[in-house]
Amino acid sequence: MQKKRILGLLAVAATAILLVGCGKSSSSSSSTKTTTITVGASSVPHAQILKHVQPELKKEGVNLKIKVFQDYVLPNKALASKELDANYFQHIPFLDNWNKENNGSLVSAGKVHLEPIGVYSKKVKSLKDLKDGATVLVSSNVADYGRVLTLFKDAGLITLKKGTDLTSATFNDIKTNKRHLKFKHSYEAKLMPTFYKNNEGDAVVINANYAVQAGLNPKKDAIALEKSDSPYANIVAVRKGDKNKPAIKKLMKALRSKSTQQWIEKKYKGAILPVSTD
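Structural notes, computed from the coordinates. These numbers come from a predicted model, not from an experiment. (Residues numbered from 1 in each chain as written. Predicted model: local features only at pLDDT ≥ 70, side-chain atom pairs only at ≥ 80, totals over all residues. Heavy atoms only, no water.)

**Section: the overall build of the chain**
(1) Moving on: If you tally the helices and strands in the chain, you get 10 helices and 13 strands.
(2) Moving on: Taken over 278 residues, the chain has a buried fraction of 44%.
(3) Moving on: Of the contacts formed within the chain by residues at least 6 apart in sequence, a portion of 74% connects residues at least 24 apart.
(4) Moving on: Accessible surface for the chain amounts to roughly 15,100 Å². Of this, 52% is attributable to carbon and sulfur atoms. (Helix = DSSP H or I, 4+ residues; strand = E, 2+ residues; numbered from the N terminus. Buried < 20%, exposed > 50% of the residue type's maximum accessible area, 1.4 Å probe, protein only. Contact = heavy atoms within 4.5 Å. Areas by Shrake-Rupley, 256 points an atom, 1.4 Å probe, with all protein chains shown as cover.)

Structural data, given as structure tokens:
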């Protein structure tokens, strides 16, 4: 009798130990290792879009930190020097130009959205209304010159030299300029909305992120706007070799998800267009 009692107690004890062990195993498997990444971005719309996907990434074990930059100069420097894990503010021609000038090796992790560059004016309602000798203010961002030239070429105001590559074109590639337009291009991109508001020049070319930040709606306020099939979609850039890191892949999946694309369309009312594929 005593022997049966001892065996019974041992069986109960063994069951309790087994249950405790199972409990620990379950708890351990449910815990997710968190990876922190820091992404540099322009304040509008890039940082806003990143903030939108923060909760989704947190569920995936990615703690997304956002560092806001107010210019186009520092984000690539910060990424190259490993102060950032990625940045989100530029298009591929800009990145290619930066790599060329700085002996860099940054690469694209994928496209996210297009910010259609536009021409704004308080003096005319169409590019075709610009008078002979009109002044057009453009930023010093060389990577955008092909986009600007395309707008004026499509309006029939200029022609380009044969064989011009628009992704690397400059104003020296203009062949004919029948209105004798004066393109002044020595200004910081972030200053362009101020020039427009101060009614400087006859027309001002403004990047969509700075236009939206200044309270403009490119779709409604621009007198000429880049077409949606433009190759200048904004990308997430990373250091060479980092594109396939799990946290970066999760970031891209969140940014390019259907729900995020719909959110972009709704929030920016067509002024910023989502890009779903490369």
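**Looking at the nonpolar core**
In globular proteins that are soluble, nonpolar side chains generally tend to be buried together.
(1) Moving on: Counting residues in each nonpolar core, the largest one holds 26 residues, and the members touching the most others are Val 119, Leu 127, Leu 130 and Phe 152.
(2) Moving on: Mapped onto this core, the elements with two or more residues apiece are β6 (135-139), α5 (145-154), β7 (158-160) and β10 (203-206).
(3) Moving on: With 5 residues, α5 is the largest single contributor of residues to this core.
(4) Moving on: Non-local contacts of Val 119, meaning those with residues more than four positions away in its chain, are made with Leu 127, Leu 151, Phe 152, Ala 203, Val 204, Val 205, Ala 222, Ile 223 and Ala 224.
(5) Moving on: In terms of nonpolar packing, the next biggest core, distinct from the first, is built from 25 residues, Val 39, Ala 86, Val 236 and Ala 254 among them. (Core = buried A, V, L, I, M, F, W, Y, C linked by side-chain atoms within 4.5 Å.)

**As for the pattern of salt bridges**
(1) Moving on: Per the counting criterion, the structure on display carries 7 salt bridges.
(2) Moving on: Note that Asp 154 and Lys 153 form a salt bridge whose closest N and O atoms lie 3.5 Å from each other.
(3) Moving on: A relative accessible area of 33% places Lys 153 in the partly exposed class.
(4) Moving on: Of the charged contacts, one joins Arg 239 and Asp 242 as a salt bridge, the two residues approaching to 3.5 Å between their closest N and O atoms.
(5) Moving on: Overall, Arg 239 belongs to the buried group, its relative accessible area being 15%.
(6) Moving on: Looking at Asp 242, the relative accessible area reads 11%, which means it is buried.
(7) Moving on: Salt bridges sharing common partners tie together Asp 144, Arg 147 and Glu 226. (Salt bridge = Lys/Arg side-chain N within 4 Å of Asp/Glu carboxyl O.)

**Brief notes about the environment of Ala 233**
(1) Moving on: Looking at the element boundaries, Ala 233 is found in the loop between β11 (224-225) and β12 (234-239).
(2) Moving on: Assessed through its relative accessible area of 4%, Ala 233 is described here as buried.
(3) Moving on: Separated by 120 residues in sequence, Ala 233 and His 113 place their C-alpha atoms 5.5 Å apart.
(4) Moving on: The residues contacting Ala 233, other than those within four sequence positions of it, are Gln 90, His 91, Ile 92, Lys 111, His 113, Leu 114 and Val 275.

**A word on the side chain of Glu 115**
(1) Moving on: Within the secondary structure layout, Glu 115 lies in the loop between β4 (106-114) and β5 (118-120).
(2) Moving on: Here Glu 115 sits buried without a salt bridge, and the closest side chain of opposite charge, Arg 147, lies 6.7 Å off (N-O distance).
(3) Moving on: Within polar-contact distance, the side chain of Glu 115 engages the backbone nitrogen of Asn 209 at 3.2 Å.
(4) Moving on: With residues near it in sequence (within four places) discarded, Glu 115 still touches Pro 45, His 46, Arg 147, Ala 208, Asn 209, Glu 226, Asn 234 and Ile 272. (Lys, Arg positive; Asp, Glu negative; His and termini not counted. Polar contact = N/O pair within 3.5 Å; in protein donor to acceptor, adjacent residues only side chain to side chain.)

**Some words on the sheet that holds strand β13 (residues 273-274)**
(1) Moving on: Strand order in this open sheet of 6 strands is β2-β1-β3-β12-β4-β13, and the pairing throughout is mixed. The open sheet has two free edges, formed respectively by β2 (62-69) and β13, since each of these has just one partner strand.
(2) Moving on: Helix α2 (residues 43-59) contacts β1 (35-42), β2, β3 (86-91), β4 and β12 of the sheet and is inclined by roughly 170° relative to β2. (Pairing = 2+ DSSP bridges. Axes fitted to C-alpha atoms, helices over the stretch in contact; angles between N-to-C directions.)

**Looking at the packing of aromatic side chains**
(1) Moving on: Counted according to the given criterion, the structure contains 10 aromatic pairs.
(2) Moving on: With centroids separated by 5.6 Å and ring planes inclined at 80°, the aromatic side chains of Phe 89 and Phe 94 adopt a geometry described as edge-to-face.
(3) Moving on: On the basis of relative accessible area, Phe 94 is assigned to the buried category, the value being 12%.
(4) Moving on: The ring of Tyr 196 carries Lys 122 above its face, with NZ or CZ at 5.2 Å from the centroid.
(5) Moving on: Between Lys 267 and the ring centre of Tyr 268, over which it is positioned, the NZ or CZ distance is 5.8 Å. (Phe/Tyr/Trp six-rings, centres within 6.5 Å; stacked < 30°, edge-to-face > 60°. Lys NZ or Arg CZ within 6 Å of the ring centre and 35° of its normal.)

**A look at the sheet that holds β6**
Think of a sheet as strands paired side by side through backbone hydrogen bonds, with each pair either parallel or antiparallel.
(1) Moving on: Read across the open sheet, the 5 strands follow the order β9-β6-β10-β5-β11; overall the sheet is mixed. Single-partner strands in this sheet number two, and they are β9 (182-187) and β11.
(2) Moving on: Across the sheet, α5 lies against β5, β6, β9, β10 and β11, angled at about 150° from β6, the strand it touches most.

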